[in-house]
Amino acid sequence: GLDFAPGFDFNNYVIYDARLPTQSIFFKSGLSSPVTHEITASFGFQLPKGGYGKLTYVNRTTDNFIDNFITLDNGTSQVIVDGVDYGTVDNVLYKNTNGPTRKYEGLQFQSQYNITDNWMIAGNWTWQIKNDGTYEGEGGQSIGTSPYGNRPEVYPLNRVNPDGHLLQYQAHKIRVWTNYNFDMGRAGTLGIGGILRYDSPTTFSYARSNFSPTPEMVAANPGYATLPRFTLYFGDRGAGEFNSVWSADLALNYEVPIWKTLAPWVKLEVRNVTNQDKLVTYSTSIAADPNSPRDQYGLPTGYTKNPTFGQGTSNANYLVPREYLISA
């Protein structure tokens, strides 16, 4: 309520934690943006009746990443706020590095052919040959960092930041569509269109988040102030695959010419005509198997799938059901 004064009185609160980036986070001088190197080559040809075909090859690599480093030579800081000592924290240094990797290689084919003056067919196919690395990329308004360079003496890089397929990896994406127009003279024009979509599976990693450092990792600590929890990977990044999915859409468009460019029209769309209810993505929750062999860091090498693994947990996991849209 308006008279709830105790909630606005700072004397009624007890400070139990403080984070002051200005005391423990630093940026190396000369910091510069990441650099992307791209090679693109295209080959095209013409087909009769205004048709064409085009093949494009793309090879893209990124380096000079901005990443955070927590190493012994960066030291530690004593966090003191208003005379209150909140303890020692590890310093974080942001700098450029070529340690993480991010590489893309792909082919894209585009084509269109006019079967008749009123009937055309077209399509495109994107084949991601490679979309791999150890650096997922930026997110929101923050610098996207990786575990690379964070307490390297304690955290094994192959278990906390493995190489493999990135989140954006999808081997094949195919779209084929066609349009046919019935010219009915002064009665107007009726257009019929359809599109067939195919998406190969996207990938996920077998990983367990919020994993605690093992006694072996604690024993190997050469002097860091803290050893935070981390995400533990089992195998390569992006080793798992969701499901492939296809769907078809139809559209009818009718317009009547009235005067010059004035032509009222109405359009009906039916998306996912066959009402596919495919499970596209699903829960990938797993747990570390305590009975599996351990590596030299004391980390389990096996995992067990949680009861919800492979199941949809929300509507977003499924292909959107049949939809009807009318516009005019």
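A short tour of the structure in this document, coming up. Note that the coordinates shown come from a computational prediction; the quantities given were computed from them, not determined experimentally.

### A short note on the overall build of the protein
Phase 1: Helix and strand content of the protein: three helices and 21 strands.
Phase 2: Against the globule reference of 20 Å for 328 residues, the protein gives a C-alpha radius of gyration of 28 Å, more extended than a compact globule.
Phase 3: Dimensions along the principal axes, computed over C-alpha positions, put the protein at roughly 85 × 60 × 50 Å.
Phase 4: Here the protein holds 328 residues, and the buried ones make up 31% of them.
Phase 5: If you take every contact in the protein between residues at least 6 apart in sequence, the share linking residues at least 24 apart comes to 71%.
Phase 6: Surface summary for the protein: the accessible area is close to 20,100 Å², and the carbon and sulfur share equals 55%.

### Things to note about the sheet that holds strand β7 (residues 92-97)
Phase 1: Pairing is mixed in the open sheet, where three strands are placed in the order β1-β7-β4. The sheet is open, and its two edges are formed by β1 (25-27) and β4 (65-69), each paired on a single side. Averaged over all neighbouring strand pairs, the angle between strand axes comes to 30°, with direction disregarded.
Phase 2: Here β4 pairs with β7 via five bridges, running antiparallel. Across the sheet, Phe-69 pairs through a bridge with Leu-93, a residue of β7.

### A word on the side chain of Arg-175
Phase 1: Examined against the element boundaries, Arg-175 turns out to sit in strand β11 (residues 172-183).
Phase 2: Here Asp-199 takes part through its side chain, which lies 3.3 Å from a polar atom of the side chain of Arg-175.
Phase 3: Ignoring anything within four residues of it in the chain, the contact list for Arg-175 reads Ala-122, Gly-123, Asn-124, Ile-195, Leu-196, Arg-197, Tyr-198 and Asp-199.

### Topic: the nonpolar core
If you look at soluble globular proteins, the nonpolar side chains tend to sit buried side by side.
Phase 1: Core analysis: the biggest nonpolar cluster contains 22 residues, and Tyr-155 and Phe-230 have the highest contact counts within it.
Phase 2: Every element with two or more residues in this core is listed here: β7 and β15 (230-233).
Phase 3: In this structure, Phe-230 is in contact with Tyr-155, Val-160, Arg-208, Ser-209, Asn-210, Phe-211, Ser-212, Pro-213, Met-217 and Leu-299, ignoring residues within four places of it in sequence.

### A closer look at unusual backbone geometry
Phase 1: The backbone of Arg-151 sits at a positive phi, close to 50°, despite the residue not being glycine.
Phase 2: Mapped onto the secondary structure, Arg-151 falls in the loop between β9 (119-133) and α2 (157-160).
Phase 3: Classification of Arg-151 as buried rests on a relative accessible area of 7%.
Phase 4: Phi at Asn-210 is positive, roughly 55°, even though this residue is not glycine.
Phase 5: Within the fold, Asn-210 resides in strand β14 (residues 207-211).

### Details of the packing of aromatic side chains
Phase 1: Enumeration over the complete set of coordinates arrives at 18 aromatic pairs.
Phase 2: Summarising the aromatic geometry, the rings of Phe-65 and Tyr-135 are spaced 4.4 Å apart at their centres and angled 35° between planes, so their arrangement reads as tilted. Of the two residues, Phe-65 is situated in strand β4 and Tyr-135 in the loop between β9 and α2; the sequence distance between them amounts to 70 residues. In terms of burial, Phe-65 and Tyr-135 fall into one category: buried.
Phase 3: When the centroid spacing of 5.9 Å and the interplanar angle of 70° are considered together, the rings of Phe-204 and Tyr-282 count as edge-to-face. Here Tyr-282 lies in the loop between β18 (265-271) and β19 (286-288) and Phe-204 lies in strand β13 (residues 203-204), a separation of 78 residues in the sequence. Each member of the pair, Phe-204 together with Tyr-282, is buried.
Phase 4: Counting every residue linked through ring pairs, the aromatic cluster contains Phe-204, Tyr-206, Phe-234, Phe-242, Tyr-282, Tyr-303 and Phe-309.

### Here's the deal with a nonpolar patch on the surface
Phase 1: Nonpolar side chains collect at one region of the surface, where Phe-182, Met-184, Ile-192, Leu-252, Val-266, Leu-268, Tyr-324 and Ile-326 lie side by side and expose about 740 Å² of accessible area between them.
Phase 2: Taken together, the elements giving at least two residues each to the nonpolar patch come down to β18 and β21 (323-327).
Phase 3: Mapped onto the elements, Leu-252 comes out in strand β17 (residues 245-255).

### A look at the environment of Ser-285
Phase 1: Along the chain, the position of Ser-285 falls in the loop between β18 and β19.
Phase 2: Here Ser-285 falls in the partly exposed class, since its relative accessible area comes to 28%.
Phase 3: Sequence-wise, Ser-285 and Gly-310 are 25 residues apart; in three dimensions their C-alpha atoms are separated by 8.6 Å.
Phase 4: Those residues in contact with Ser-285, other than ones at most four positions away along the chain, are Lys-305, Asn-306, Thr-308 and Phe-309.

Cut-off values and rules
Position numbers for residues count from 1 along each chain, tracking the sequence in the order it is written. Totals for whole chains, interfaces and linings use every residue, but because this is a predicted model, local features are given only for residues with pLDDT of at least 70 and side-chain atom pairs only at 80 or more, for both listing and counting. The basis for every side-chain value is the complete set of heavy atoms in the structure, and neither hydrogens nor water enter the calculation. Only DSSP runs of H or I reaching four residues or more are called helices, and only runs of E reaching two or more are called strands; each is numbered from the N terminus. In this description the radius of gyration comes from C-alpha coordinates, and the expected globular size is given by 2.2 Å times residues to the power 0.38. The cut-offs for exposure are 20% and 50% of the maximum accessible area for each residue type, with area from a 1.4 Å probe on protein chains only; residues under the lower value are buried, those over the upper are exposed, and the others partly exposed. We call two residues in contact when some of their heavy atoms are within 4.5 Å. Under the convention used here, a 1.4 Å probe and the Shrake-Rupley method define accessible areas, while residue burial counts only the protein chains that appear. Think of it this way: DSSP has to see at least two bridges between two strands before they count as a pair. To define axes, lines are fitted to C-alpha atoms, for helices over the stretch in contact only, and angles between the resulting N-to-C directions are given on a 0 to 180 degree scale. We call two N or O atoms a polar contact when they sit within 3.5 Å, provided that within protein one can donate a hydrogen and the other can accept it, with sequence-adjacent residues counted only if both atoms are side-chain atoms. Note on terminology: a nonpolar core comprises buried Ala, Val, Leu, Ile, Met, Phe, Trp, Tyr and Cys residues joined through side-chain atoms within 4.5 Å. Only Phe, Tyr and Trp rings are paired, with Trp represented by its six-membered ring, and only when their centres lie within 6.5 Å; those with planes under 30 degrees apart are stacked, over 60 edge-to-face, the remainder tilted. Each patch is built from salt-bridge-free residues with over 30% relative accessible area, joining like charges within 9 Å and nonpolar side chains (Val, Leu, Ile, Met, Phe, Trp, Tyr) within 5 Å. The term salt bridge refers to a side-chain nitrogen of Lys or Arg lying within 4 Å of a carboxyl oxygen of Asp or Glu.

Geometric values such as these leave the question of function open.
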